[in-house]
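Residue-level structure breakdown
Listed below are the residues making up each chain.
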Amino acid sequence: MSLSFSQDAVPALSRALGQLRHVLRKGHAHAEAQGWDPAVLLAMRLAPDMFPLIRQVQIATDMAKNAVGRLSAGEAPKFEDDETTFEALDARLQRAIDYLASVPADAFDGAEARPIVVSTRSRGDLHFSGREYLFGWVLPNVHFHCTTAYALLRHAGVPLGKADYLGPAGQG
C-alpha cells in the first residue's frame, strides 16, 4: 500500500495542532481560575536556552504549514510571529489548521519523492525527499514543540494528562 500524504500527513499535523489548541485553552483557563497573569505562562521556558511557550507554538504551526506548502509544491501563508496572548495563539493555530485543510489532495501527488530544501541557521541547507522530510524532520519537530508546550503548562500546575495531549483515541 502506498503512502498518501494528503490522507496521512495532513490529518496527523492537524490533530497535533488541534490538541495543542486544547492544551493551551486549558492553560489559559487555569491561569484565569488561579488569578495568574497569563503572560507569565506564555513566557515560561523549561531551561534558559530554550524558547518560551509562545515560540514553541509559533514553531509548531510554522513547521506544519510550511511542510504542507512544500509537500504540495505550493506556498504556505506567512505568519507574523506577533502573538502575545492565548487568544492570539489560538487564532494562529486555527489559521494553520484551516490552511492544512484547504490544500487539495491532488496537490500532494508525487510528494514522497519531491526534493525539499530547508534552510536553517545552524545546519545550513538540508536536503530531503518528501518522505524523509515528513517523517525525519517535520513530524518529529512538530511533536517536539507540541510536547514542550504541554510540558511547560504541566510544570506550571495546569491539570493536564496524556489524554489532553493525544486527544480522542481511535478517531484517526
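Residues numbered from 1 in each chain as written. Predicted model: local features only at pLDDT ≥ 70, side-chain atom pairs only at ≥ 80, totals over all residues. Heavy atoms only, no water.

When helices and strands are counted, the chain shows six helices and two strands. In the chain, the succession of helices and strands from N to C terminus is α-α-α-α-β-β-α-α. Compactness check: the chain gives a C-alpha radius of gyration of 16 Å against a globular reference of 16 Å for 172 residues, within 12% of the reference. With the C-alpha coordinates of the chain rotated into their principal frame, the extents come out at 50 × 40 × 25 Å. Residues classed as buried in the chain amount to 46% of the 172 residues present. Here the analysis covers contacts within the chain between residues at least 6 apart in sequence; of these, 67% occur between residues at least 24 apart. Here the chain holds 17 positive side-chain charges and 19 negative ones, and the gap between their average locations is 4 Å. (Helix = DSSP H or I, 4+ residues; strand = E, 2+ residues; numbered from the N terminus. Rg over C-alpha atoms; globule rule 2.2 N^0.38 Å. Buried < 20%, exposed > 50% of the residue type's maximum accessible area, 1.4 Å probe, protein only. Contact = heavy atoms within 4.5 Å. Lys, Arg positive; Asp, Glu negative; His and termini not counted. Charge placed at Lys NZ, Arg CZ, Asp CG, Glu CD.)

Turning our eyes to something else, we now look at the nonpolar core. By size, the foremost hydrophobic cluster in this structure holds 53 residues, and its most contacted members are Leu24, Leu53, Tyr133 and Val138. When neighbours within four sequence positions are excluded, Leu53 is seen to be in contact with Leu24, Leu41, Leu42, Met44, Phe86, Ala149, Leu152 and Leu153. (Core = buried A, V, L, I, M, F, W, Y, C linked by side-chain atoms within 4.5 Å.)

With that settled, consider the pattern of salt bridges. If you walk through the whole model with that rule in mind, you get ten salt bridges. Between Asp81 and Arg55 there is a salt bridge, and its shortest N-O distance comes to 3.5 Å. In this pair, Asp81 is assigned in the loop between α3 (53-71) and α4 (86-102) and Arg55 in helix α3, connecting sequence segments 26 residues apart. Residue Asp81 is classed as partly exposed on the basis of its relative accessible area of 32%. Residue classification places Arg55 among the partly exposed positions, given a relative accessible area of 23%. (Salt bridge = Lys/Arg side-chain N within 4 Å of Asp/Glu carboxyl O.)

It is a general feature of regular strands that their side chains alternate between the two faces of the sheet. Pairing of strand β1 (residues 115-120) with strand β2 (residues 124-129), which is carried by six bridges, proceeds in the antiparallel orientation. Opposite Val117, over in β2, you have His127 as the bridge partner. From the end of β1 to the start of β2, which pair antiparallel, there are three residues. (Pairing = 2+ DSSP bridges.)

Relative placement of two packed helices is described by the angle separating their axes and the distance separating the axes. Between helix α1 (residues 5-34) and α3, the least distance of the axes is 11 Å, while the angle of their chain directions is 165 degrees. When the axis of α1 is compared with that of α3, the two are roughly antiparallel. As for how α1 packs across α3, the hand of that crossing is left-handed. Facing α1, whose interface residues are Phe5, Val10, Leu13, Leu17, Leu20 and Leu24, α3 presents Leu53, Val57, Ala60, Thr61, Ala64, Val68 and Leu71. (Axes fitted to C-alpha atoms, helices over the stretch in contact; angles between N-to-C directions. Parallel < 35°, antiparallel > 145°, perpendicular 65-115°, else oblique. Left-handed = near helix turned anticlockwise from the far one by under 90°.)

Tracing the sequence through the fold places Ala107 in the loop between α4 and β1. Put simply, Ala107 and Ala73 are 34 residues apart on the chain and 7.1 Å apart in space, counted from C-alpha to C-alpha.

With respect to the secondary-structure elements, Phe79 resides in the loop between α3 and α4. On a C-alpha basis, the gap between Phe79 and Phe135 in space is 24 Å, while along the polypeptide they are 56 residues apart. What Phe79 contacts, discounting residues up to four positions off in sequence, is Thr61, Asp62, Lys65, Arg92, Arg95 and Ala96.

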